[in-house]
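Residue-level listing of the chains:
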Amino acid sequence: MPQRKIIHVDCDCFYAAVEMRDDPTLSNVPLAVGGAGGRGVVATCNYKARAFGVRSAMPGAEARRLCPDLVMVPPDMARYRNASKQVMGILRELTDLVEPLSLDEAFLDVSDIDDHRGSATLMARYLRERVKNEVGITISAGVAPNKFLAKIASDWQKPDGLFVVKPDEIDGFVRELNVEKLFGVGQVTASRLHALGVQTCGDLQTLGVDVLIEQFGKQGFRLHEMAHGRDERPVVVSRIAKSVSVERTFSEDLPDMAACETVLASLVADLNLRLSRKGRDKPIHKLFIKIRYSDFSTHSLERVRENVRDPALEDYLPLLGELVTNRERPVRLLGLGVRFRNDDAPVTQLRLFD
Ligand code: DCP
Ligand code: MG
C-alpha cells in the first residue's frame, strides 16, 4: 500500500466552545456545559475549568466542589449540530473522503489531494484557519500516515494545536507512547499489560507478537500492529449498514439514571449524525439501547418502532426506563442505535393493518 496522508480533526471543548463563541462573557470564566440542577453531569467544560480538574462525565456537584466559581450552562444541541455541519462542510470542500466520528471529530484521507502543494500539513493548517474564521471555534489537527497515529496526533497539542507524525518519525514516536493511548486499551487491558511489565509501545514491541496473541487473542495482534505504528484501516465515507449505533464509555462512571438521561441527548445527536451519513432514507425497524454497569455486566434491550424517522431523546427514554431497574447503579457505558428494516422480509405487509 502506498504511503497515505490522513488528517484527524477534533474540535476543542466543542460544546463549551460554541457557548463561548455565542456569549463572549463566558470566555473569561471556567465554564461547563451540562444538565441543569444539582444532579446534572458535565458534558464538557472549557480549558479554564479543566485547570481545576473538571472533566466530562463528572457529576455537576463534584465539578462545583473542585471549582466553586464554575459557570454551568445547559446544552443546546441544535446550535452544536449547526456548528458541526459547518465544520464538516469545510472539511468536505477539501475532499469527499471525510469520515465523521461524532459531531466534533472526523478523519480525512487527503492522499490524492494536490491543493496546498499536496502537503497534508498545509491542508491541516488551512482547515484550522478556516474553521476559526468561519465557525468561530478552534480545532486541533493531527497529520499522519494512518488513522491511529493521526488521532493520537490531534490530541498531542490540544487545544488549538497541530501535530504531525512524518513517516520517518513513526518509530521514535510510538516507542515512547504509553499503551493507555492505544485504541481499545481501557483500564482492564492496561492493567493486564502493566502486569506484563509493559508501559509503552516500545515495551510492547519487545514483548513480541506471539506473546501478545497468546495473552490477548485477536486484540493482541492489533496491539502489536499499533505498537509498530501500523494501521491499515481505510477512511470510510459510508457503507451499507444493517444497523447504526453509537456508544460512549465514561472515564468516570455515571452515578445514576439521572446522569444517564443527561448524557443520552448527546448520544442521540451523534446517532443522528451517523444516520444522516449511513442510513439516509432507510426505514427504521427497531431501536435499541445498551448499558454496561461499573461491574462490567452488560444489558441491552430492543423494541420495534416502525414509524420513527429521526430518533429523538423521547424515543429512547422509555427504553432506558424499561431496561434499568436500579436507578442508583453506577454506569460505565451507554450505547444506542437503530436497526433497519430488511426489505426482503414481509414486515411491510403488517403495516397495512396500522
Ligand atoms: N461529550 C459528552 N459527554 C462525554 C464526552 C463528550 O456529552 N462524556 C460531548 C461534549 C463534547 C463533545 O461531546 O464537547 C466532544 O467530545 P470530546 O471528547 O471531543 O471533548 P471536547 O471536544 O469537549 O474537548 P477536547 O478539547 O478534549 O476535544
Ligand atoms: Mg473535541
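Refer to the structure printed above.
Residues numbered from 1 in each chain as written. Chains lettered and ligands numbered in written order. Predicted model: local features only at pLDDT ≥ 70, side-chain atom pairs only at ≥ 80, totals over all residues. Heavy atoms only, no water.

### Structural notes on the coordination of the magnesium ion (ligand 2)
Turning to step 1, where the next piece is worked out: Donor atoms from the polypeptide that bind the magnesium ion (ligand 2) are D10 (OD), C11 (O) and D104 (OD), placed at 2.0 to 2.3 Å.
Turning to step 2, where the next piece is worked out: Along the chain, the residues that donate to the magnesium ion (ligand 2) are spaced as D-C-x92-D. (Donors = N, O, S within 2.8 Å, 3.2 Å for Na, K, Ca; no water.)

### A short note on the packing of aromatic side chains
Turning to step 1, where the next piece is worked out: Scanning the entire structure with this criterion turns up six aromatic pairs.
Turning to step 2, where the next piece is worked out: Where W156 meets F163, the ring centres are 6.0 Å apart and the plane angle is 35 degrees; that geometry is what we call tilted.
Turning to step 3, where the next piece is worked out: Positioned above the aromatic ring of Y47, the side-chain terminus of R50 is 4.2 Å from the ring centre.
Turning to step 4, where the next piece is worked out: Against the face of F288 rests R339, its NZ or CZ located 4.3 Å from the ring centre. (Phe/Tyr/Trp six-rings, centres within 6.5 Å; stacked < 30°, edge-to-face > 60°. Lys NZ or Arg CZ within 6 Å of the ring centre and 35° of its normal.)

### Concerning the sheet that holds strand 5 (residues 98-102)
Turning to step 1, where the next piece is worked out: Ordered in space as 5-6-1-7-8, the five strands form an open sheet in which the pairing is mixed. The sheet is open, and its two edges are formed by strand 5 and strand 8 (162-164), each paired on a single side. The average angle at which neighbouring strand axes cross in this sheet is 15 degrees, direction not considered.
Turning to step 2, where the next piece is worked out: In this structure, strand 5 lies alongside strand 6 (residues 105-109), joined through four bridges in antiparallel fashion. (Pairing = 2+ DSSP bridges. Helix = DSSP H or I, 4+ residues; strand = E, 2+ residues; numbered from the N terminus. Axes fitted to C-alpha atoms, helices over the stretch in contact; angles between N-to-C directions.)

### Remarks on the nonpolar core
Turning to step 1, where the next piece is worked out: Within the largest apolar cluster, 40 residues are counted, with the highest numbers of intra-cluster contacts made by I7, F14, Y80, L91, L108, V110 and I137.
Turning to step 2, where the next piece is worked out: Of all elements in the fold, only strand 1 (6-11), helix 1 (14-22), strand 2 (31-34), helix 4 (77-94), strand 6, helix 5 (120-134), strand 7 (139-144) and helix 12 (257-278) reach the threshold of two or more residues within this core.
Turning to step 3, where the next piece is worked out: Counting residues per element, this core draws most heavily on helix 4, which supplies eight residues.
Turning to step 4, where the next piece is worked out: Apart from the residues lying within four places of it in its own chain, the contact partners of V110 are K5, I7, L94, T95, A120 and M123. (Core = buried A, V, L, I, M, F, W, Y, C linked by side-chain atoms within 4.5 Å. Buried < 20%, exposed > 50% of the residue type's maximum accessible area, 1.4 Å probe, protein only. Contact = heavy atoms within 4.5 Å.)

### Quick word on the site of ligand 1
Turning to step 1, where the next piece is worked out: Taken together, the neighbourhood of ligand 1 is formed by 17 residues, with C13, T44, Y47, R50 and R248 sitting nearest.
Turning to step 2, where the next piece is worked out: Contacts to ligand 1 include D104, whose side-chain N or O atom sits 3.0 Å from an oxygen atom.
Turning to step 3, where the next piece is worked out: Here ligand 1, which alone exposes 550 Å², has 81% of that area covered by the protein.
Turning to step 4, where the next piece is worked out: Its residues placed into classes, the shell around ligand 1 shows eight nonpolar, three polar and six charged.
Turning to step 5, where the next piece is worked out: Two domains each provide a minimum of three residues to the shell around ligand 1, namely domain 1 (1-164) and domain 3 (243-340). (Near = heavy atom within 4 Å. Polar contact = N/O pair within 3.5 Å; in protein donor to acceptor, adjacent residues only side chain to side chain. Areas by Shrake-Rupley, 256 points an atom, 1.4 Å probe, with all protein chains shown as cover. Nonpolar A, V, L, I, M, F, W, Y, C, P; charged D, E, K, R; others polar. Domains from an automatic or database assignment.)

### Let's talk about the packing of helix 4 against helix 5
Turning to step 1, where the next piece is worked out: For the pair helix 4 and helix 5, the least separation of the axes is 10 Å and the interaxial angle reads 145 degrees. Between helix 4 and helix 5 the crossing geometry is right-handed. Facing Q86, V87, I90, L91, E93 and L94 of helix 4, the residues of helix 5 in contact are M123, L127, R130, V131 and E134. (Left-handed = near helix turned anticlockwise from the far one by under 90°.)

### Remarks on unusual backbone geometry
Turning to step 1, where the next piece is worked out: Cis geometry is adopted by the peptide bond preceding P159, which originates at K158 and carries an omega value of -5 degrees.
Turning to step 2, where the next piece is worked out: You can see P159 is positioned in the loop between helix 6 (147-156) and strand 8.
Turning to step 3, where the next piece is worked out: The residue R117 is not glycine, and still its phi comes out positive at about 55 degrees.
Turning to step 4, where the next piece is worked out: Examined against the element boundaries, R117 turns out to sit in the loop between strand 6 and helix 5.
Turning to step 5, where the next piece is worked out: Relative accessible area serves as the criterion here: at 77%, R117 is assigned to the exposed category.
Turning to step 6, where the next piece is worked out: Located in the positive-phi region is F296, a residue other than glycine, with phi close to 75 degrees.
Turning to step 7, where the next piece is worked out: Within the secondary structure, F296 sits in the loop between strand 10 (284-293) and strand 11 (298-304).

### Digging into the environment of D76
Turning to step 1, where the next piece is worked out: For D76, the position within the fold is in the loop between strand 4 (71-73) and helix 4.
Turning to step 2, where the next piece is worked out: Taking the relative accessible area as the measure of exposure, D76 reaches 28% and is therefore partly exposed.
Turning to step 3, where the next piece is worked out: Spatially, the C-alpha atom of D76 lies 33 Å from that of P234, the residues being 158 residues apart in sequence.

### Brief notes about the sheet that holds strand 3 (residues 42-45)
Turning to step 1, where the next piece is worked out: Strands sit in the order 3-2-4 across an open sheet of three strands; the sheet is mixed. A strand with exactly one partner marks an edge of an open sheet, and here the two such strands are strand 3 and strand 4. Across the sheet, the axes of successive neighbouring strands diverge by a mean angle of 30 degrees, strand direction being ignored.
Turning to step 2, where the next piece is worked out: Across three bridges, the pairing between strand 2 and strand 4 is parallel. When the sheet's bridge partners are listed, A32 is paired in strand 4 with M72.
Turning to step 3, where the next piece is worked out: Set on the sheet, helix 1 makes contact with strand 2, strand 3 and strand 4; between it and strand 2 the angle comes to about 115 degrees.

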